[in-house]
Amino acid sequence: MTLLVTFITLGAGNVLTSAQQKNQSATTQQSMKNNPFLRKSPLQYQAPEFDKIKDDHYKPAFDYGLKEQLANIDKIINNPAAPTFENTVLALENSGEVLARATILFYNLTGSNTNDYLQKVEEEYAPIFAAHSDKINLNEKLYKRIKAVNTDRLDAESKRLVEYYIQNFELAGANLSAENKEKLKVINQQLATLSTHFSNKLLEARKKGAVLISNVKELDGLSADELAAAATDAEQAGQKGKYLLSLQNTTQQPLLQNLKNRDTREKLFRASWTRAEKGDANDTRETIEKIAKLRLQKAKLFGKKNFAEWSLQDQMAKTPEAAMGLLAQLAKPAVETANREAKEIQEVIDAQKGGFGVQAWDWNFYSEQVRKAKYDLDENEIKPYFEVTTVLEKGVFYAAEKFYGITFKERKDLPVYHPDVVAYEVFDRDGKSLALYYLDFYTRSNKNGGAWMNNFVPQSHLLGQKPVIVNVFNYQKPAAGKPSLISFDEVGTMFHEFGHTLHGLFANQKYVSISGTNTPRDFVEFPSQINEHFALEPEILKNYALHYQTKQPMPQALIDKIKKAANFNQGYATTELVAAATLDMNWHTVTDEKQLIPVLDFEKQALDKYGLLVPQVPPRYHTPYFAHIWGGGYSAGYYAYLWSETLDSDAWEWIKANGGLTRENGDRFRKYILSVGNSVDLNKAFEEFTGHKADIKPLLRSRGFSK
């Protein structure tokens, strides 16, 4: 397997006496006897045995796996033979098999289908895993052995693996003094605990932030299906006869574009905005301030000015200045465009004698009216053409078959972790089985917000592993017997996440650590974002945009309207994204703890400093619920979406200029981008695909900011 830092942040527990260790070992061995994590799954491609895995299997597997990996490390560092690739780097890469197997599944489930027990286990083991990671990454003997490996006769990928480990060890603190290593261990454990606390607080805050409505008149504008879904959610929450509007993880909420009652819109928006700042047990602000302070302390241990400077060393951007430079190029035209959009919205409000200035909770409702007036396009008119399974099979899968030659077959025989989950087998262009693919479409109170891709089993030629991948979404589940209709934005999300899946499906590496999506953050969004373009390609759109009742394709006139409106509201969309990325970078470029003022004040000052304090256009994520940077892996990295979009826009222009959606172009993109993982220089990989260095101009054109 691999050094587990690939999947999680590791750690170690309390020091036990030899007698305690002996007793614990006997207990662990007994508890592991029937533990499914002790062995590889016998299912195809080691697909998880969800029908056999129980909650109480995780802790024994963690305990066993932690001990097993440390024993593996001891063998490496105490090997009397001179360090070689095989006895040092490869041995390290293969260490921790049981721990990797258990943690991959555990963290997938705590994100998508958690419960009180799993949350407690997550909090208990966060500092343990962090300390375990430090035991490995700060091990001087291990680091020296890796550095001593002669790479002259190694193949390119093996040489890259050595470089990868050296860089990871140095980023983790292998070069620090003994005193600073001890300080770092404490900080890492504290950060792991706080990050888990943040995620658990936010999950509860999102659940408790849902808006309960008693009078259906307050929900005027919602469709019958949306009302039925809200009624079902209320009943499940013990509020039969009422309506519950659940929160999604972003600032804006999808229902805001249809709610006619302005008070209800404001109530829903404020519930979203304030969900994690209510002064209760789920208030995240104190946790955030502690995390930001500890991250700065960590950076200082490495001799860096700020956390971003330390964090970006292994990214494509390299420096916070480069990342902020990109954001600055987008901020000005985005805000200018958003201000023009606000004027158009205000004109509609004034024409209707609204008597108020547009606010954040009004934007989606009235921008939808502007879109309808400018393009004669109504979201409710197009939604019946986007039934979720049809979009998947006749859109996402069809595009992948056309461009890459791969096909899909539903598998109902594989166990799943929730009844809503569906599974498919994926076949390569030569008809051979390539991978397994799971999808979890619908929002639940025990699921994190947003959408994501993860591996259940990562690809590796060395281990003989084919990829087993999951995409998780948060679409509103329809009432029983009703179709699952999604918006065009949600269609884009499905294509986006499947782009990550393609990155994992086409992984072609020997080693897990540099396989598939194990790339820098500011590259990993490139494959997902370029896949979004397929949603609007005429041949693809015509194939999946089918009316859920009549099965008739979307009329060409309606398709034309969608395409004409493609750049509508881009000022807003870009501003909210740039604002969030700027917030992230500001939190992580503080150089003195005195700059860490209270959360809400810090956010206001940061946005104001960069001209992004636009009340009608709040950041996509408000600091108290910015899960990407406080609970996920995007600290000092949220800019990556826009950095990757620069690559995506440039590459898409190249594809369109060179024949479009041909199999030749698909094979080329697979060869140079999707199949290389982190085994090559990714800047060079991009240049090999397009023939030139990445340019921001296509991104500005794609967003309508220039011609």
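This one's a predicted model, so the numbers in the text were calculated from it and none came from an experiment.

Counting residues in each nonpolar core, the largest one holds 146 residues, and the members touching the most others are Phe386, Ile406, Met494, Phe495, Leu505 and Tyr544. Shared between two domains, this core takes at least three residues from each, and those domains are domain 3 (305–382 + 568–703) and domain 4 (385–513). In this view, Leu505 contacts Ile406, Val426, Leu434, Ala435, Pro467, Ile469 and Phe498; residues no more than four positions away in its chain are not counted. The next biggest cluster of nonpolar side chains, apart from the first, holds 33 residues, and it includes Phe62, Phe106, Ile128 and Trp452.

Our next topic: the pattern of salt bridges. A full pass over the atoms with the stated rule returns 42 salt bridges. Note that Arg444 is salt-bridged to Asp420, the shortest N-O span being 3.9 Å. A residue pair is termed long-range when its members are at least 10 positions apart, and Arg444 in the loop between strand S5 (433–442) and strand S6 (452–457) and Asp420 in the loop between strand S3 (407–410) and strand S4 (422–427) qualify at 24 residues. For the pair shown, Arg444 and Asp420 are each scored as buried. The salt bridge partner of Lys447 is Asp440, with a shortest N-O separation of 3.1 Å. In this pair, the class of Lys447 matches that of Asp440, namely buried. One continuous salt-bridge network, built from bridges that share partners, spans Asp420, Asp440, Arg444, Lys447 and Lys477.

A separate point is the domain arrangement of the protein chain. Segmenting the protein chain into domains produces domain 1 (31–175), domain 2 (211–274), domain 3 (305–382 + 568–703) and domain 4 (385–513). Distance from the C-alpha centre of domain 1 to the C-alpha centre of domain 3: 34 Å. Interface area for domain 1 against domain 3, summed over the two sides, is near 510 Å², with a carbon-plus-sulfur share of 50%. Of all residues in domain 1, Arg160, Gln167 and Leu171 bury the most surface against domain 3, accounting for 81% of the area lost on that side. On inspection of domain 1 and its partner domain 3, the count reaches zero salt bridges. Where domain 1 packs against domain 3, one counts two residue pairs in polar contact (both at pLDDT 80 or more).

The next subject is the sheet that holds strand S7 (residues 468–475). Reading across the sheet, the five strands line up as S3-S4-S5-S7-S6 and stay open at both edges, with mixed pairing between neighbours. The open sheet terminates on both sides in strands that have one partner only, identified here as S3 and S6. In this sheet, adjacent strand axes meet at a mean angle of 30° when their direction is disregarded. Pairing between S3 and S4: four bridges, direction antiparallel. Opposite Glu410, over in S4, you have Tyr424 as the bridge partner. Sheet strands touched by helix H4 (residues 97–112): S5, S6 and S7. Its angle to S6, the strand with the most contacts, is close to 150°.

The next point concerns the side chain of Arg521. On the secondary structure map, Arg521 appears in helix H18 (residues 521–532). Asp314 provides the closest opposite charge to the buried, unpaired Arg521, separated from it by 5.8 Å. Polar contacts involving the side chain of Arg521 include one to the side chain of Ser311, which spans 3.3 Å.

Conventions adopted
Residues numbered from 1 in each chain as written. Predicted model: local features only at pLDDT ≥ 70, side-chain atom pairs only at ≥ 80, totals over all residues. Heavy atoms only, no water. Core = buried A, V, L, I, M, F, W, Y, C linked by side-chain atoms within 4.5 Å. Buried < 20%, exposed > 50% of the residue type's maximum accessible area, 1.4 Å probe, protein only. Domains from an automatic or database assignment. Contact = heavy atoms within 4.5 Å. Salt bridge = Lys/Arg side-chain N within 4 Å of Asp/Glu carboxyl O. Helix = DSSP H or I, 4+ residues; strand = E, 2+ residues; numbered from the N terminus. Buried area = accessible area lost by both parts, 1.4 Å probe. Polar contact = N/O pair within 3.5 Å; in protein donor to acceptor, adjacent residues only side chain to side chain. Pairing = 2+ DSSP bridges. Axes fitted to C-alpha atoms, helices over the stretch in contact; angles between N-to-C directions. Lys, Arg positive; Asp, Glu negative; His and termini not counted.

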